[in-house]
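Here is how the chains run, residue by residue.
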Amino acid sequence: MKQFQYLRAATQQSTLDAISKPGTKIIAGGTNLIDLMKRGVTAPDKLVDITHLPLKNITPTKSGLHIGALALNSTVSENGIVVQKFPLLSMALKAGASPQLRNMATVGGNMMQRTRCSYFYDTTMPCNKREPGTGCGAMGGLNRMHAIFGTRDKCIAVHPSDMCVGLAALDATVIIAGKKGERRIPFTEFHRLPGEHPDVDNTLAKDEMIIGVDIPDNNFAKNSYYLKVRDRQSYAFALVSVAAGLDISNGTIRQARLAMGGVAHKPWRLFEAEKFLVGKAVSEDSFKQAAQIAMQGAKAYEYNAFKLKLAPATITEALKHASGLV
Amino acid sequence: MNKHMENKILNKTSTLEGISRVDGRLKVTGKAKYSAEYSVKGITYGVLVPGTITKGSIKTLDIKKAEGAPGVLSVITYLNAPKVPGYQTDKPQAKGMLKIFYDEQIYFNGQPIALVIADSFERALFAASLVTATYNVEPHQTDLIKNRSNGFTPRKDYSRGEDDAYKNAPVKVEQEYFIPTEVHNPMELHAIIARWDADDKLTVFDKTQGIKATQKNIAQAFKLPPDNVQVTSPFVGGAFGAALRTWPHEIAAVLAAKVVKRPVKLVLSRADMFTSVGYRPLTWQKIGLGATADGKFVGITHEAAGQTSVYEDFTENSVNISQLMYASPNVTTRYKLVSLNVNTPTPMRGPGEATGAFALESAIDELSYALNMDPIELRLKNYADTDPLSGKPYSSKFLNDAYKLGADRIGWSNRNQKPGSVIEKGWLVGYGMGAGMFGAYRGSATVLARMMADGTLLLQTAVTDIGPGTGTAMVSIASDIMEIPAGKIKFDLGDSSLPPSPTQGGSSITSTVGSAVNDACKELQAKFQELNGTTESGKMDYVQILKKHNLQQLEVTTTSHGGPEQNKYAMYSWSVHFMKVLVHPATGVVKVDKAVSVADCGTIISNKTASSQIKGGTIMGTGMALMEEAVIDHRYGRLINNNFADYHVPVQADIPQVEALFVNKPDPYINPIGAKGMGEIATIGVAAAIANAVYNATGKRVRDLPITPDKLI
Ligand SMILES: Cc1cc2nc3c(=O)[nH]c(=O)nc-3n(C[C@H](O)[C@H](O)[C@H](O)COP(=O)(O)OP(=O)(O)OC[C@H]3O[C@@H](n4cnc5c(N)ncnc54)[C@H](O)[C@@H]3O)c2cc1C
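Residues numbered from 1 in each chain as written. Chains lettered and ligands numbered in written order. Predicted model: local features only at pLDDT ≥ 70, side-chain atom pairs only at ≥ 80, totals over all residues. Heavy atoms only, no water.

### Here we look at the pattern of salt bridges
All names here are of chain A.
- Under the criterion given, the structure shown has 47 salt bridges over all chains.
- Lys85 is the salt-bridge partner of Asp217, the closest N and O atoms lying 2.9 Å from each other. Of this pair, Asp217 sits in the loop between β8 (209–216) and β9 (223–230) while Lys85 sits in helix α4 (residues 80–85); the two residues are 132 residues apart in sequence, bridging distant segments of the chain.
- Residue Asp217 is classed as partly exposed on the basis of its relative accessible area, which comes to 37%.
- On the basis of relative accessibility, which here comes to 32%, the residue Lys85 falls in the partly exposed class.
- With its nearest N and O atoms 2.7 Å apart, the salt bridge here joins Asp214 to Arg184. (Salt bridge = Lys/Arg side-chain N within 4 Å of Asp/Glu carboxyl O. Helix = DSSP H or I, 4+ residues; strand = E, 2+ residues; numbered from the N terminus. Buried < 20%, exposed > 50% of the residue type's maximum accessible area, 1.4 Å probe, protein only.)

### Section: the domain arrangement of chain A
- Domains assigned within chain A are domain 1 (5–51) and domain 2 (224–323).
- A separation of 36 Å is found between the C-alpha centroids of domain 1 of chain A and domain 2 of chain A. (Domains from an automatic or database assignment.)

### As for the sheet that holds strand β22 (residues 572–583) of chain B
Residue and element names in this part refer to chain B.
- Ordered by their spatial adjacency, 5 strands build an open sheet running β16-β17-β22-β23-β26, and the pairing between neighbours is mixed. The open sheet terminates on both sides in strands that have one partner only, identified here as β16 (423–424) and β26 (658–662).
- Where helix α11 (residues 399–410) meets the sheet, its contacts fall on β17 (427–439), β22, β23 (590–600) and β26, and the angle it forms with β22 comes to roughly 20 degrees. (Pairing = 2+ DSSP bridges. Contact = heavy atoms within 4.5 Å. Axes fitted to C-alpha atoms, helices over the stretch in contact; angles between N-to-C directions.)

### Here's the deal with the interface of chain A and chain B
- The partner chain B presents 30 residues to the 32 residues of chain A that form the contact.
- Both faces considered, chain A and chain B share a buried interface measuring about 2,600 Å² in area, 60% of it formed by carbon and sulfur atoms.
- Looking only at chain A, the three residues that lose the most surface to chain B are A:Leu142, A:Arg232 and A:Gln233, adding up to 25% of its buried area.
- Our enumeration of links across chain A and chain B arrives at 2 salt bridges.
- With 5 residues, the single largest contributor to the side of chain A that touches chain B is helix α12 (residues 307–323) of chain A.
- Along the lines of polarity and charge, the residues of the side of chain A that touches chain B split into 13 nonpolar, 9 polar and 10 charged. (Buried area = accessible area lost by both parts, 1.4 Å probe. Nonpolar A, V, L, I, M, F, W, Y, C, P; charged D, E, K, R; others polar.)

### A short note on the packing of helix α12 (residues 470–482) of chain B against helix α13 (residues 509–532) of chain B
Residue and element names in this part refer to chain B.
- Closest axis-to-axis distance for the α12/α13 pair is 9 Å, and the angle between their directions is 30 degrees. As far as their axial angle goes, α13 and α12 are roughly parallel. Like other packed secondary-structure pairs, α12 and α13 cross with a definite hand, here right-handed. Of α13, the residues touching α12 (which contributes Thr470, Met474, Ile477, Ala478, Ile481 and Met482) are Ile509, Thr510, Val513, Gly514, Val517, Asn518, Cys521, Lys522, Leu524 and Gln525. (Parallel < 35°, antiparallel > 145°, perpendicular 65-115°, else oblique. Left-handed = near helix turned anticlockwise from the far one by under 90°.)

### A few points about the pairing of β26(B)
All names here are of chain B.
- In terms of burial, β26 is largely enclosed, as 4 of its 5 residues are buried.
- Relative to β26, β23 runs parallel, the two being bridged by 5 bridges. Each bridged residue has a counterpart across the sheet, and for Ala595 the counterpart in β26 is Val658.

### Focus: the nonpolar core
- The biggest cluster of nonpolar side chains holds 125 residues, and the ones touching the most others in it are A:Met260, A:Leu277 and B:Ile707.
- When sequence neighbours within four positions are dropped, the list of residues in contact with A:Met260 reads A:Phe149, A:Val165, A:Val240, A:Ser241, A:Val242, A:Pro267, A:Trp268, A:Leu270, A:Ala311 and A:Ile315.
- Formed by 39 residues, the second largest nonpolar core is a distinct cluster that contains B:Ile100, B:Ala221, B:Leu224 and B:Val277. (Core = buried A, V, L, I, M, F, W, Y, C linked by side-chain atoms within 4.5 Å.)

### Topic: the packing of aromatic side chains
Residue and element names in this part refer to chain B.
- As enumerated under the stated definition, the model contains 19 aromatic pairs over all chains in all.
- Between Trp196 and Phe222, the ring centres sit 5.9 Å apart and the planes meet at 75 degrees, which makes this aromatic pair edge-to-face. A residue pair is termed long-range when its members are at least 10 positions apart, and Trp196 in strand β9 (residues 191–198) and Phe222 in the loop between α5 (211–221) and β11 (229–232) qualify at 26 residues. Across the pair, Phe222 and Trp196 agree in class, each one buried. (Phe/Tyr/Trp six-rings, centres within 6.5 Å; stacked < 30°, edge-to-face > 60°.)

### Remarks on the sheet that holds strand β7 (residues 158–160) of chain B
All names here are of chain B.
- With respect to topology, 5 strands assemble into an open sheet ordered β7-β15-β14-β13-β8, the strand pairing being mixed. Taken across any chain shown, the strands that pair with only one partner, and hence form the sheet edges, are β7 and β8 (171–179). When strand polarity is set aside, the average angle formed by the axes of neighbouring strands in this sheet is 10 degrees.
- Alignment of β7 against strand β15 (residues 330–340), held across 3 bridges, turns out to be antiparallel. By the bridge assignment, Ser159 is partnered in β15 with Thr332.
- Against the sheet, helix α9 (residues 353–371) touches β8, β13 (283–291) and β14 (297–309), its axis set at about 145 degrees to β8.

### Here's the deal with the site of the ligand
- Around the ligand there are 35 residues in total, and A:Ile26, A:Gly30, A:Thr31, A:Thr106 and A:Asp162 lie nearest to it.
- Near the ligand, the surrounding residues are drawn from chains A and B.
- Within the contact set of the ligand, an oxygen atom lies 2.7 Å away from a side-chain nitrogen or oxygen of A:Thr106.
- Contact with the protein chains covers 95% of the free accessible surface of the ligand, which is 980 Å².
- Ranked by the residues each element gives to the shell around the ligand, the list is headed by helix α7 (residues 107–112) of chain A, at 4 residues.
- Grouping the constituent residues of the shell around the ligand by class yields 18 nonpolar, 12 polar and 5 charged.
- Three or more residues apiece are contributed to the shell around the ligand by two domains, here domain 1 (5–51) and domain 2 (224–323) of chain A. (Near = heavy atom within 4 Å. Polar contact = N/O pair within 3.5 Å; in protein donor to acceptor, adjacent residues only side chain to side chain. Areas by Shrake-Rupley, 256 points an atom, 1.4 Å probe, with all protein chains shown as cover.)

Structure below.
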C-alpha cells in the first residue's frame, strides 16, 4: 500500500474543496476503499474522512423518507420507519455483507462500492475498468459471477450492491453536492452501463459527493420481498437477487416495482415486467410471464449461462413471496 | 461382542460430559500466545514478494527502490541470498521441497521471488510493492482435466481377484467424480519468528503441527545440531494438515534473520496461504461398481488422477478406501499423478480418504437407487468383518452400531427412496448418508510426569495442540488415573526442549501421547506405592507420602509405543454421516437442515472436545460439498479467488444443526486407553452424504463439487 495523507473533513464545503484536487478520495466506512488500496487497485495520495459530517440522519419528509449518506447500513436496516414503510430496503441491506461490515458501511459508500470482479481486483490481469485499454479478463475468462444485461465487450462486471437494488426498486432519488450546489437525480440513473468507459461506474463527477437519498412514500410495504440467491447462506455476493414490491388490491396488482442485482453493471430495474404486471391478478402464471419479459435482451457468457434460468426463477419466487403466494 | 473386551481399559471416573478445555480461558481472553504474538527484542518484519508468472525464469529483478524505501533493512532474492547449507545436495535436479531464493526458476504462480525485511510490517509491505521483475515466460500447464493423459503412476496399481470385475456384474454404476482444489485456510495465518541466539543457535516461534519435526528440518537445512534449534509453539490456531511440514517461508525467515542479524517475523498473508502451505489437490476419479441383483458387491474399480507440482510428487490415498471399506471379492485401483505448474499439495483433513470417499460413497448411493435398496441395507450387505486388504481381524469395529445410532437420530425412517418426492414448505427434502474410515495409529511418545509437594501434577511432552483439545484430553486421562482433579494437573507442550512426541497428524495423538500419559501416570503411581510400601493400586495421598519421605517431588519419564498387536490386527476408526437437506426447486439453493455424524473411534476420552472435533470435521466436509473451490484461470495459471470474500467456507447460517454421536466402545488392542483417532473421519464421507441427500431431494446427481445452485437448476 502506498503512503497517503489522512484528513478529517470538518465541513461539507471543506470536503468538496479537498476532493476537487486530483489524487484525493473520500473515505467513509472504508470497507471497500481500504481493500482496494491494499490490493493496489487504487492508490490515492490523500483520504478525506467524512464520517464526522452531520449526514447520518434518517428523517421523514413530506412525501417520504430522507436518509443521509453517512447513515450506517446497519442503522438503516433496523430503523423503525424503514422497517415499517420500506421493508424492501431493510431486507436488501440485511442480505448484504456481514453484520460487522454493515456496522461500518455507509449508504454513500455502498452506492460507490466497486465491482467484485476478480480481474478488476488483480492488478496483474487485464481490466478495462481498472486500467482502460488493457482488455477484459472476464471475457473469455471465469465469468460465472458476471453480467447478462447491458454488457459490452469492454466490460461484463456487475455492480455488487444489494442495498442499491432495493433503492432502485423504490424509486429513490440521489442527492448530490458539488461546487455549484446540490443536484438530484433518479437512483436508476445514478449508476451507468459500461459502454465505452467501463472505468466510470456512475454519474457522480470527481468533485461531487453524495449527501443522501430520498425515498418517496409508496404502497408496497405490505407486499415486498428481497430474494438473494448466493453460494452460501450468508456473507456472499449475489448470483442473482431480486427486489420486488407490489401494490395489490383485491387480488389485482395495481403497481409493481422490480429490480435485479448480480446481472448488470448497475442495479437492473425491470420496467417492462413491471408494466406487464399492472392490472394482472396475483398468480404464479403472470409472475412467470413477467419474468420472461424481464429476460429480454439477456446475453450469457461461457460460465454464467445458468443466470438465464436462475434470474427468471428468482423473479418469480420473489414475486410469489411478495404477493403472499408462499 | 469382542471376547477380548474385558481387558484393561481406562477406568473412567470423569463425568460423561468431560472436562472443559484446559486452555479455554486463555484462548477466549486473548492470553494464549500464537507464534506471531511473541514480543522479541529487536524484531524486524518480513514480507514476501510473490512472482506473477506461472512457468519460466526470472530475467531481471529490480530491488533498488525497495532497498531505498524507509525502514528497509534488506531485500533477499536468489541473487543475494546466502546459501542454505541443506539445499546443497549431490543431486541438484532431484525433486523435493521448493528451495526458496535458490535460483531463477519459476514453477508456479505466486512463488516468492523476494523477501523484504524492514523495521515495521507496514514499511516492509510497502517496500515489497516496489520490487519489480521481468521474466522469460514459458507455456504453463495448470489444468488437470486437460492433462490427465500425461499422468504417471507413482505407486503400483492394486488388484485383488479379477481386474475390473464390476463390468460383468448384473447391476452396475460407472461414473466420474471430481473435486476441486480445497485450501485448509485455518484462521491463524502461518507465522514464524526466527532469532539467532548465537552463530550456531537458533530459536523459532513457529506455527507447526510437529515440534520435533520442525526442529529436525530446520537443523538439517542449516546444518545445526538439532538441540541447538529451539522450537516454541504451544498454541496453534488451526492447521488441518497445512502445518505438517516445514515450508519454504520458514526457511526464508531463518535465512533472513541471519542476513539482518536481528530476529525476523514473517506472517503469510491470506493470499500467500493459497500458494505456500499446500491444499487438498484437485482430483478426477472414476468408479466402476458392480453388484448382484440382491446387492452383493461383485467388484469395485476406483481410478484417480490428482495434481501435484513439477518439483515434488505428492501422493495420497484417494483410491485406497475402495480396497478397505467393503467386502468386495474383486477390487482394482489405479492412481495417477499429473505434474502441473502449481505449488505442492499437502494432506488436508481426511487426506485422500475424504476425496476417495466422495466418489465411492456417491457410487454406492447410485447403486442403491439402481437396486432400489435402502443405502444402509446395501452397506450392511457388504459389511467387512475382517480387513479385506490384509485378511487380519479388526482390533475393533462397530460401524454397524454407528449406522443405527445415526439413522435413528436423523429420522432415516422419514426418508423416501423415491427422489424428489418430499416437499416441505416449498422446499424439496432429501436424506443422505456417507461413511468413512481412516487408519488408527499409535506412534511413540515420551512423557515426563512429576508430582509436586503441593499435589500438583506436571506433565510434559513436545506435542502441539492444533485445536482438537490435546491438552484437555491428556489432563483428563491423567486425572482419571491419578484420581486427582483436573485443576491440579498442568500439561506443558509445544516446546522442543520437552521429551519427544510425534507430529500432530493422522489422528494419532490421543492414541500415542494419551498412552504415554497413561503409562507415565501408572509408573508414577507405582513409584509412590513402592515408596509407601503399599501394594493395592488406586487413590493415594501423594502430598502426604512426599511429605513423609521429605521429598519435594517425585517424577518419571516414560516412553510408550505399540507392540506386536500392531501387526496382529487391522486398526481403523470409522464414521458415518447422515444429512437432511432442503433444496429449493426453483433457485437450486441447498440448505443443510440437520447433520448427524457418528464416530466409532474407541473410548471417548473427553466428550466436549471430541464432540467439537467431530462437528468441526462435519462443517469442513459441508464446505467441501457445497462451496469450497480454489479456482485457477488457466490462461494465466493464477488463482482468481485467493481471499475470504471469494473463497467460501461455511458460515453459521450454513450449519444450523450439527450433532456428534459416539459409539464409545473401547478398542481393546490398539493401546492401553482404548481410544482411536477421530480428526480425519470427522470429514471423510461428509461430502458424499450431502451429495446423496441432494439427489434424494431432487433426483439430480452432482458428481463435481461443490454443489452450487447453478448445478441444480
Ligand atoms: C467481504 C465483503 C463482503 C461484502 N458483501 C456484500 C454483499 O453481499 N452485498 C453488498 O451489497 N455489499 C457487500 N459488501 C460491500 C459493502 O457493502 C461495501 O464495502 C460498503 O457498503 C461500502 O461502504 P463504506 O462506507 O465502507 O465505503 P468506503 O469503503 O469508505 O468507500 C467506498 C467508495 O465510496 C466513496 N464514497 C464513500 N462515501 C461517499 C460519499 N458520501 N460521496 C461520494 N463518494 C463516497 C469512497 O471514496 C470510495 O470510493 C461486502 C464487502 C466485503 C468486504
